[in-house]
Amino acid sequence: MLEESKNIDSTLEPLDEYLVIQPVSDETETRAGLILPASALATIAVRTGIVTAVGSEPNGIEVGDKVLYPFEAGYDVRLGGIEVKVLKRGELIGRIHD
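Let me begin by describing the structure that accompanies this report. (Residues numbered from 1 in each chain as written. Predicted model: local features only at pLDDT ≥ 70, side-chain atom pairs only at ≥ 80, totals over all residues. Heavy atoms only, no water.)

It is worth spelling out unusual backbone geometry at this point. The backbone of Asp16 sits at a positive phi, close to 45°, despite the residue not being glycine. Along the chain, Asp16 turns up in the segment before strand E1 (18–23). In this structure, Asn59 is a non-glycine residue whose phi angle is positive, near 50°. Position of Asn59 relative to the elements: it lies in the loop between strand E4 (46–54) and strand E5 (66–70). (Helix = DSSP H or I, 4+ residues; strand = E, 2+ residues; numbered from the N terminus.)

What follows is the structure, given as structure tokens:
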């Protein structure tokens, strides 16, 4: 779940088809209530995140969209103590509607 207390407040403006995505926490809860830490999820090939900034050519992606992207996609960047991903629009797998 996206931590509401940690908003990205920076001046990073992605160019062209690049997006800035704040990954959603990798900790997951099973149906039985067990919490799986990020280290146990190393075999998962995809991640979800919230788009926090878009370049001039986002092609249908908007700030606030929840998206699915490959785990190894893009670049890991640290902004104001928060880890974000910067990746190209074409690396996205899909938008999540929940």
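Back to the write-up after that little detour.
With that settled, the discussion passes to the sheet that holds strand E8 (residues 94–96). Spatially, 6 strands are ordered E6-E7-E1-E4-E5-E8 in an open sheet, and the strand pairing comes out antiparallel. Of all strands in the sheet, those with a lone pairing partner are strand E6 (75–79) and E8, marking the two edges. This sheet shows a mean twist of 45° between the axes of neighbouring strands, independent of strand direction. Bridging between E1 and E4 involves 5 bridges; their strand directions are antiparallel. Directly across from Leu19, in E4, lies its bridge partner Val54. (Pairing = 2+ DSSP bridges. Axes fitted to C-alpha atoms, helices over the stretch in contact; angles between N-to-C directions.)

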